[in-house]
Amino acid sequence: MGLIATVWILVLLLGGGLALERTLTGQVEENFDEQLEYILTAMIASAEVQPGGEVSFYRVLGDQRFLEPGSGLYWQIDGDGQDPWPSRSLWDRTLELRGVVERDGGGGFDSEPRFYNSRQFEGEPLRIAERTVILPGSDTRWTFAVASATEEIDAQVQRVRLILIWSFAVLGLGLIGMALLQIRYGLSPLRRVRAAIQKLRTTGENRITEPLPEEVQPLVEELNALLAHSEKQAEEARRHAGNLAHALKTPLTVLTNAATARAPDLSDAVFRETRVMQRHVDHHLARARAVGRRAVGHARTNVRESAEAVRRAVERLHPEGRLDIAGSGSAEVAVERQDLDEILGNLIENAAKYGGGSVFVTIDQEPQADQCLIWIEDDGSGIPEAERTRIFGRGARLDTDKPGTGLGLAIVRDVVEIYGGSVRLGESEDLGGLLVELSLPRA
């Protein structure tokens, strides 16, 4: 920021300084030319033609420098067929004048003075103003010229440039210093935020609570939200680890006791308990994946494509059943495809396993709702209303005659809640069995 401010200040001051220098030096040169033009006009107004055809002044020019040789201010009059008449200040020198410039309709004389620079005198550059006129009572074209050394105007221009350089240098340094101070002062709240974050790390606090300027308050709020999010994820990880350890404790105890007692059904117990442990591990891994994917960003998955993939798998496991899918084919939810397959797979497989053989899936039942509503219905015996809350617990099973671990609905509930959705059980009006209302955020 300081470098950018410095570059822009230098560019703007350089451009403004050059423009101002051009304006002021042009004004000095214009004033200088006006003085020469004033003297030239006075010369022409004071000139008259003598009976012999020579020109003279009927009044003396007021500037004393015309009488001092080498004074730097000169005049000279040239005429056709006449010898040049120089001022005393020229002494033994004469000016090389350009004379009249013929123009269309000019009549052989100049209507306006002409200005130009001359270096005919070594070491003494001149600025010359001249004009060719025809005086009354004479047909001769007379060229009047006034010349002045440019040392004076050069000195004035040099003084103007020196003043501008020093003024703009001081102004530039002042602006750069003020910009750097402004940057330092403006960024001071960020140093306070850094100190607050360092305090969090050293003192163990979990939020930034000290008052800070309004300009950085949104940043502080986002930091606090990030800290809260990280704390929530850490707490979820600790809880999952504890739950997994607790879930594995019972199967490991059963296996240890069976092995110690050398039970005859040890192989069956190992197979049964390892399946339970594997299901628990899958459950917690599914939750961990869902949390990690949610933290990465918003996903976008087509519900119909996921449901069709699940149907193909379920139809291979239950070829005798019937599975119909209806509803929107373009509905998309903010859930990763693998997690949506896990959710729908558990729900549809349960419907096919515990229902009467018919499963009906409706996608986006309420298109105007904020979330995408998915219905999964079967024609089974359903679940009593009193058991609909308990069935989501880990290991909860109502039908123990069929194989399973009782973790499918628990996985569904946990993953759905991680993505900000909900799942509710009810009674199907069309099929008479269980109705699962799955609500997921739209993508």
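Residues numbered from 1 in each chain as written. Predicted model: local features only at pLDDT ≥ 70, side-chain atom pairs only at ≥ 80, totals over all residues. Heavy atoms only, no water.

1. Some points on the packing of aromatic side chains
We count it as follows: Only rings of Phe, Tyr and Trp enter the pairing, Trp through its six-membered ring, and a pair is recorded when the two centres are within 6.5 Å. The plane angle decides the type: under 30 degrees is stacked, over 60 is edge-to-face, the rest tilted. Numbering of helices and strands runs from the N terminus; a helix is a DSSP stretch of H or I covering at least four residues, while a strand is a stretch of E covering at least two. Residue exposure (1.4 Å probe, protein chains only): buried if accessible area is under 20% of the type maximum, exposed if over 50%, otherwise partly exposed. By the criterion adopted, a ring carries a charge over it if an Arg CZ or a Lys NZ lies within 6 Å of its centre and within 35 degrees of its normal.
For the coordinates displayed, the defined rule picks out four aromatic pairs. Between the aromatic rings of F57 and W75, the centroid separation amounts to 5.0 Å while the plane-to-plane angle is 75°, which identifies the pairing as edge-to-face. Remark: W75 occurs in strand β3 (residues 73-79) and F57 occurs in strand β2 (residues 55-57); sequence separation between them is 18 residues. Look at W75 and you get buried, because its relative accessible area is 8%. Feature note: the residues F57, W75 and W85 constitute an aromatic cluster, connected by ring pairs. The cationic tip of R93 hangs over the ring face of F121; the distance from NZ or CZ to the ring centre is 4.2 Å. Above the plane of the ring of Y116 lies R98, whose end atom (NZ or CZ) is 3.8 Å from the centre.

2. A word on the environment of G79
Threshold: It only takes one pair of heavy atoms within 4.5 Å for two residues to be counted as in contact.
Residue placement: G79 occurs in strand β3. We classify G79 as buried; its relative accessible area is 13%. Residues G79 and N302 lie 223 residues apart in sequence; the distance between their C-alpha atoms is 103 Å. Not counting residues up to four positions away in its chain, the partners in contact with G79 are T140, R141 and W142.

3. Some remarks on unusual backbone geometry
Even without a glycine there, the phi angle at W91 is positive, about 60°. Assignment of secondary structure puts W91 in the loop between β4 (85-86) and β5 (114-118). One non-glycine residue, D364, adopts positive backbone phi at about 60°. Following the sequence through the fold, D364 ends up in the loop between β11 (358-363) and β12 (371-378).

4. Let's talk about empty space enclosed by the protein
Defined as follows: Of the two site types, the cavity is a set of points on a 1 Å grid over the protein atoms alone where a 1.4 Å probe fits but cannot get out, and the pocket is an open set with protein on both sides within 12 Å along at least five of seven lines, each lined by residues with an atom within 4 Å of a point. Grid points are joined across faces, edges and corners, and a volume is the space filled by probe spheres set on the points.
As enumerated under the stated definition, the model contains one cavity of 30 Å³ or more in all. Its volume calculated, the largest cavity comes out at about 70 Å³. In this structure, the largest cavity is lined by V314, E315, H318, G321, R322, L323, A352, G357 and V359. Every element with two or more residues in the lining of the largest cavity is listed here: α6 (303-317) and β9 (322-327).

5. Let's talk about the nonpolar core
The test is simple: Only buried Ala, Val, Leu, Ile, Met, Phe, Trp, Tyr and Cys residues count toward a nonpolar core, and they belong to the same one when joined by side-chain atoms within 4.5 Å.
One finds V361, I376 and L438 to be the most contacted residues of the largest nonpolar core, which totals 37 residues. Contributing elements (two or more residues each) for this core: α6, β9, α7 (337-354), β11, β12, α8 (408-418), β13 (422-427) and β14 (434-441). In terms of residues, this core owes the most to one element, α7, which gives seven residues. Those residues in contact with I376 that lie beyond four places of it in its chain are L344, L347, I348, A351, V359, F360, V361, L434, L435 and V436.

6. Thoughts on the packing of helix α2 (residues 151-186) against helix α3 (residues 188-203)
Threshold: Axes, fitted as lines to C-alpha atoms, cover a helix only where it is in contact. Angles between the N-to-C directions of the axes lie from 0 to 180 degrees. Under the scheme applied here, ten amino acids are nonpolar (Ala, Val, Leu, Ile, Met, Phe, Trp, Tyr, Cys and Pro), four are charged (Asp, Glu, Lys and Arg), and all others, including Gly, are polar.
The geometry of α2 relative to α3 is characterised by a closest axis approach of 4 Å and an angle of 35° between their N-to-C directions. For the pair formed by α2 and α3, the contact residues are R184, Y185 and G186 on the first element and S188, P189 and R191 on the second. Taken together, the residues of the contact of α2 with α3 break down into two nonpolar, two polar and two charged.

7. Things to note about the side chain of S56
Our working definition: In protein, a polar contact means a hydrogen-donor-capable atom and an acceptor-capable atom, both N or O and within 3.5 Å, with residues adjacent in sequence counting only if both atoms are side-chain atoms; elsewhere, any N or O pair within 3.5 Å suffices.
For S56, the location among the structural elements is in strand β2. Within the structure, the side chain of S56 is placed 2.3 Å from the side chain of Q50, a separation counted as a polar contact.

8. Here's the deal with the pattern of salt bridges
This is how the line gets drawn: Definition used for salt bridges: Asp or Glu carboxyl oxygen within 4 Å of a side-chain nitrogen of Lys or Arg.
Taken as a whole and judged by the stated rule, the model has 16 salt bridges. The partner of R141 in a salt bridge is D80, with the nearest N and O atoms 3.3 Å apart. One end of the pair, R141, is in strand β7 (residues 141-149); the other, D80, is in the loop between β3 and β4, and 61 residues separate them in sequence. A relative accessible area of 45% places D80 in the partly exposed class. Three or more residues are tied together by salt bridges with common partners; here these are R304, E308 and R311.

9. Examining α6
Here is the rule: What a helix should span is 1.5 Å times the count of its residues minus one.
The first and last C-alpha atoms of α6 sit 21 Å apart over 15 residues, in line with the 21 Å expected at 1.5 Å per residue. As for α6, its buried residues are in contact with β8 (301-302), β9, β10 (332-333), α7, β11 and β12. For α6, the N-terminal capping position is held by N302, with its side-chain oxygen 3.0 Å away from the main-chain nitrogen of R304.

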